[in-house]
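# Understanding the architecture of this molecule
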Amino acid sequence: MKQPFNVIGQNKARVDAVKLATGRGTFVDDIHVPGLLHARILHSPHPHAFIRRIEAAAARALPGVHAVLTHEDVPRVPHTPAGQGFPEPSPYDAVMLDHKVRFVGDRVAVVAADTPEIAARALELIAVDYELLPFLFDPEEAMKPGAPVIHDETDCSGVYDPKRNIAAHLSASIGDVEAGLRESDLVVEREYRVQFVQQCSMEPHITISYLDEDDRLVVRSSTQVPFHVRRIIANELQIPVRRIRVIKPRIGGGFGGKQEILLEDLCGALTLRSRRPVRLEYTRAEEFHAARSRHPQIARMRCGVKRDGRIMALEMRVLENAGAYGTHSLTVLSVTGSRALSLYRAPHIRFEANAVYTNLPVAGAFRGYGAPQGFFALESLADELAEALEMDPIAFRKVNIVREGDSPPIAEALGEGREGYPQLIRSYGLEECISRGAASIGWSRRTPAPASLSVVSERPLRRGIGMALAMQASGIPGVDMGAASIKMNEDGSFNVLVGATDLGTGADTMFAQIAAEVLGVEVNQVLVYSSDTDMTPFDPGAYASSTTYISGGAVKKAAEQVREQILQVGSKLLEIRPEDLRCEGGWVVATSGEKISFADICLSSLYQKDQFQIMAVASHLSYDSPPPFAAVFAEVEVDMETGVVRVIKLVSAIDCGVAINPQMAEGQIEGAVTQAMGYALTEEMVHDDGGRMLNQDFKNYRIYTAADMPELVTILAETYEPTGPFGAKAIAEIPIDAPAPAIANAIFNATGVRMRQPPFTPEKVLRAIRERATI
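Residues numbered from 1 in each chain as written. Predicted model: local features only at pLDDT ≥ 70, side-chain atom pairs only at ≥ 80, totals over all residues. Heavy atoms only, no water.

### Thoughts on the overall build of the chain
Summing up its helical and strand segments, the chain has 19 helices and 26 strands in all. For a compact globule of 775 residues, the expected C-alpha radius of gyration is about 28 Å, and the chain comes in at 27 Å, within 12% of that figure. Along the longest, intermediate and shortest principal axes, the C-alpha atoms of the chain span 90 × 75 × 50 Å. Burial analysis of the chain (775 residues in total) assigns 64% to the buried set. (Helix = DSSP H or I, 4+ residues; strand = E, 2+ residues; numbered from the N terminus. Rg over C-alpha atoms; globule rule 2.2 N^0.38 Å. Buried < 20%, exposed > 50% of the residue type's maximum accessible area, 1.4 Å probe, protein only.)

Right, dumping it as structure tokens:
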């Protein structure tokens, strides 16, 4: 049960607030490195081609150029650039530089020169003779017999069916779906499609590499996964892991896009070749066409229900566009299925999915990691079912939602890249989320969708209210382990060392609060240092909503061990049994009132009696992955004459267990909602018929800004998760899953028009209105 806390659950100031606000040097680029070279990448202008010949002599001869690398100059080591646990579930279908290019933006060569201008000029001097190949943009076409094979190399591995361009396949069944459909009173089949969108981190990908005084390669990079970076580039560069140090300073946003090794291998190779420090940074255009994005998916749904609303059978068949490489494809599919199909009780469930190669830019990890795609389909379908049954959408969902004590079988059946484990729901706030969210949006004033439309409307502005539910996870059960170490200093302060990465989320503050709560001190007595592969313990990195639950669990364990050591020393000094002592306010205090300061305890342990360093290292792995829950409500206004959709109010009610820092949790919710609104209404990566992205800048790729935001209401429906640190569950991804279907359902409520493919641009909405309208 929840206990009274001293630090947990309080809005403590971020530990990095002052240095971030004052602009002190904390990001990758905020260092001065003498002799720094500037690197640029030559990207493919073609979607699919062999490189018959590449001539770089003129580039190498250009004054100021210090290194030029092509596929002829680097080891050919098949790997995946996906930053995932080892062995990675993604196919080994990439090499550092290849003799074949598979999308517009693929790597061809890389140069390092004295200035960015010289590097750019050197790229122009590289002569490439391409043999153009047939290309594929449609995943359905790519699977057909006789389609061009995108990965025909003989040394790739882990591809499900290269001849049919299927990078990954996944299937699982619970019960008998066909029997469940026969038992149903109503069967609804629908298709939903979602698009390519980009993470749009404020800070582009950037890496600076150099050789230290011991001739070791130091890689300073904006990455979510420093330990995965070290392991993967050691393999690519064919040097021992011990010869590489990866440092992650502050990051200007990641959102999954930096869970990938995109620059570190090239930058390191240039440093090894030139013996000089090298800086490599993507431009904003490169972020769009050469980095990573969210996987587009086609979801074909079948659902059978009884007249009372009970779901009898639920089938989801997904076709995923992987782009040119299969990074994260399998695990994104598994999350799509395991999250969405766990939300509702159904005796019969089937999930079948393929991730298919095309010659479009590569999709990868993006906040939510397959769940936004799945919930857009599921929660749009839920509303369509409620409409067909003439039920209130909330009432329909309440008939079917999972409950405390359930263990959704599909999550265990699918796993995430490896076998799954039973997931018992021990903390459950979904019904509270629904009731509080409905009250905030004013659900009782919602009216039914119009039965018909007129082109000439007396009410050109129509309002509607919609809602959607979602559930996520807290880490990958049985896969990722986090570690932490804590040591005590002479003034009673503590150093916390973690490999986990703070992406701007406030993770370092959360770690400090957990340690401070256990040790009985204020947050300012805890100094957090993170993400340095030489100095900090291992951590898989910031992904899968694991930082609080997994890495925070490791910090809690290490702090508990340190607390026991403090009490043991205090016991000797006070001559009182340890069980009669407690840590409080920087003191060891006896039940009798006697006390001794942490400073005196540390001084004694280091200098005076039975000396030893008070410190501990702890690791945390969990076979549980407790789901956070969300209920999202949207009120929209639709202009019937232009198709413009304006979100008036959006309510996010979230169960994340105990919020370690409620203000930071609310910040996570509001940031995720901003991204989700772009996903729903404005964002889409558009490519021409040659595979070139047409809108690779923020003028033409429209993200939501502060000026565009509606009234936002965030509600924390607190529960206590017994397996999490101080009752906490994950918060980072769950808020992004449900806004898009909630907005789609609100548009339907306003207009009677069902939008099954975001973004809901004015052109699409107006077209749909006119198609449905009666004159």
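Picking up where we left off.
### As for the pattern of salt bridges
Pairing between side chains becomes possible if they bear opposite charge and their charged atoms approach one another. Enumeration over the complete set of coordinates arrives at 56 salt bridges. Across the pair Lys12 and Glu522 runs a salt bridge, and its minimum N-O distance is 3.4 Å. Of this pair, Lys12 sits in the segment before helix H1 (17-21) while Glu522 is found in the loop between helix H14 (507-519) and strand E19 (526-530), placing the two residues 510 residues apart along the sequence. Residue Glu522 is classed as partly exposed on the basis of its relative accessible area, which comes to 44%. Salt-bridge contacts for Glu315 lead to Arg350; the nearest nitrogen and oxygen are separated by 2.4 Å. One end of the pair, Glu315, is in strand E14 (residues 311-323); the other, Arg350, is in strand E15 (residues 348-357), and 35 residues separate them in sequence. For Glu315, a relative accessible area of 3% gives the class buried. (Salt bridge = Lys/Arg side-chain N within 4 Å of Asp/Glu carboxyl O.)

### Comments concerning the packing of aromatic side chains
For the structure on display, the rule yields twelve aromatic pairs. Taking the centre distance of 5.4 Å and the plane angle of 80 degrees together, the rings of Phe5 and Phe726 count as edge-to-face. Remark: Phe726 occurs in the loop between strand E26 (711-716) and helix H18 (739-751) and Phe5 occurs in the segment before H1; sequence separation between them is 721 residues. Accessibility expressed as a relative area gives 18% for Phe5, which makes it buried. Taken together, a centroid distance of 6.0 Å and an interplanar angle of 90 degrees make the contact between Phe494 and Phe598 edge-to-face. (Phe/Tyr/Trp six-rings, centres within 6.5 Å; stacked < 30°, edge-to-face > 60°.)

### Topic: the pairing of E26
For a regular strand, side-chain orientation follows a simple rule: the groups alternate between the two sheet faces. The pairing of strand E25 (residues 645-655) with E26 spans six bridges and is classified as parallel. Residue pairing for E26: Ala653 is matched across the bridge by Ile715. Remark: the E25/helix H17 (residues 662-681)/E26 crossover connection has right-handed handedness. (Pairing = 2+ DSSP bridges. Right-handed = clockwise from strand over helix to strand, strands pointing away.)

### Comments concerning the sheet that holds strand E23 (residues 615-621)
Strands belonging to one sheet form pairs held by backbone hydrogen bonds; the direction of such a pair is parallel or antiparallel. Overall, mixed pairing links the four strands, which are arranged E19-E18-E17-E23 in an open sheet. Edge strands, defined here as strands with exactly one partner in the open sheet, are E19 and E23. When the angles between neighbouring strand axes are averaged without regard to direction, this sheet yields 20 degrees. (Axes fitted to C-alpha atoms, helices over the stretch in contact; angles between N-to-C directions.)

### Let's talk about the packing of helix H10 (residues 371-389) against H18
Two numbers describe how H10 lies on H18: the axes approach to 8 Å, and their chain directions differ by 30 degrees. Taken together, H10 and H18 sit at an angle that is classed as roughly parallel. Handedness of the H10/H18 crossing: right-handed. Only Ala740, Pro741, Ala744, Asn745 and Phe748 of H18 make contact with H10, whose side of the interface consists of Phe375, Phe376, Glu379, Ser380, Asp383 and Glu387. Taken together, the residues that form the contact of H10 with H18 break down as six nonpolar, two polar and three charged. (Parallel < 35°, antiparallel > 145°, perpendicular 65-115°, else oblique. Left-handed = near helix turned anticlockwise from the far one by under 90°. Contact = heavy atoms within 4.5 Å. Nonpolar A, V, L, I, M, F, W, Y, C, P; charged D, E, K, R; others polar.)

### Comments concerning the layout of surface pockets
In this model, the second largest pocket occupies a volume close to 520 Å³. Lining of the second largest pocket is provided by 21 residues; of these, Asp16, Lys19, Arg250, Asp508 and Val528 occupy positions nearest its centre. Per element, the largest residue contribution to the lining of the second largest pocket is five residues, and it comes from E19. (1 Å grid on protein atoms, 1.4 Å probe; cavity = no way out; pocket = protein on both sides within 12 Å on 5 of 7 lines; lining within 4 Å. Points joined across faces, edges and corners; volume = space filled by probe spheres on them.)

### Thoughts on the packing of helix H15 (residues 547-574) against helix H16 (residues 598-608)
Between H15 and H16, the shortest axis-to-axis distance is 10 Å and the interhelical angle comes to 85 degrees. Viewed along their axes, H15 and H16 adopt a mutual orientation that is roughly perpendicular. Note on element contacts: H16 touches H15 through Phe598, Asp600, Ile601, Ser604 and Ser605, opposite Ile566, Val569, Gly570 and Leu573. Here the residues of the contact of H15 with H16 sort into five nonpolar, three polar and one charged.

### Focus: the nonpolar core
In this structure, Met301, Leu469, Phe633, Ile743 and Phe760 are the most contacted members of the largest nonpolar core, which totals 116 residues. When residues of this core are assigned to their parent elements, the largest contribution, ten residues, is made by H10. Setting aside its immediate chain neighbours within four residues, Leu469 contacts Leu343, Tyr344, Phe375, Glu379, Arg397, Ile401, Leu430, Ile434, Ala630, Ala631 and Ala738. With 48 residues, the next largest nonpolar core counts Met510, Leu519, Ala559 and Ile576 among its residues. (Core = buried A, V, L, I, M, F, W, Y, C linked by side-chain atoms within 4.5 Å.)

### Describing the environment of Leu567
Looking at where Leu567 falls in the secondary structure, it is placed in helix H15. Along the backbone, Leu567 and Leu581 are 14 residues apart, and their C-alpha atoms lie at a distance of 6.7 Å. Look past the residues within four positions of Leu567 in its chain and what remains in contact with it is Pro578, Leu581, Arg582, Cys583 and Val588.

### Quick notes on H17
Compared with the 28 Å implied by 1.5 Å per residue over 20 residues, the 28 Å span of H17 between its first and last C-alpha is a close match. Burial of H17 is extensive: 14 of the 20 residues sit out of reach of the surface. (Expected span 1.5 Å × (residues − 1).)

### A look at the sheet that holds strand E1 (residues 37-43)
Pairing within the open sheet is mixed, and its seven strands lie in the order E3-E5-E1-E12-E9-E10-E11. Across the chains shown, the open sheet's two edge strands, defined by having one partner strand only, are strand E3 (65-69) and strand E11 (244-247). Each neighbouring strand pair of the sheet contributes to a mean axis angle of 20 degrees, computed without reference to strand direction. Note: strand E9 (residues 206-211) against strand E10 (residues 217-221), five bridges, orientation antiparallel. If you follow Ile208 over to E10, its bridge partner there is Arg220. Here helix H3 (residues 116-124) sits on the sheet in contact with E1, E3 and strand E5 (107-113), set at roughly 30 degrees to E1. Each of E10 and E11 is contacted by helix H6 (residues 226-237), which is oriented at about 145 degrees to E11, the strand it contacts most.

### A closer look at the environment of Ile660
Relative to the assigned elements, Ile660 resides in the loop between E25 and H17. Linking Ile660 and Ala618, residues 42 residues apart in sequence, is a C-alpha distance of 20 Å. Each residue touching Ile660, except ones within four places of it in the same chain, is listed here: Val7, Ile8, Gly9, Gln10, Met510, Gln513, Ile514, Thr548, Pro725 and Ala728.

### A closer look at the side chain of Asn489
Relative to the helices and strands, Asn489 resides in the loop between strand E17 (481-488) and strand E18 (494-498). Among the polar contacts listed, one links the side chain of Asn489 to the side chain of Lys487, at a separation of 2.9 Å. Engagement of the side chain of Asn489 in a polar contact is seen with the side chain of Asn495, the distance being 2.9 Å. (Polar contact = N/O pair within 3.5 Å; in protein donor to acceptor, adjacent residues only side chain to side chain.)

### Digging into H15
For H15, with 28 residues, the first-to-last C-alpha span of 38 Å sits near the 40 Å given by 1.5 Å per residue. Maximal helix bending in H15 amounts to about 25 degrees, located at Gly553. The positive-phi residue at the C-terminal boundary of H15 is Glu575, with phi of around 60 degrees. (Bend = angle between axes of the 7 residues up to and from the residue.)

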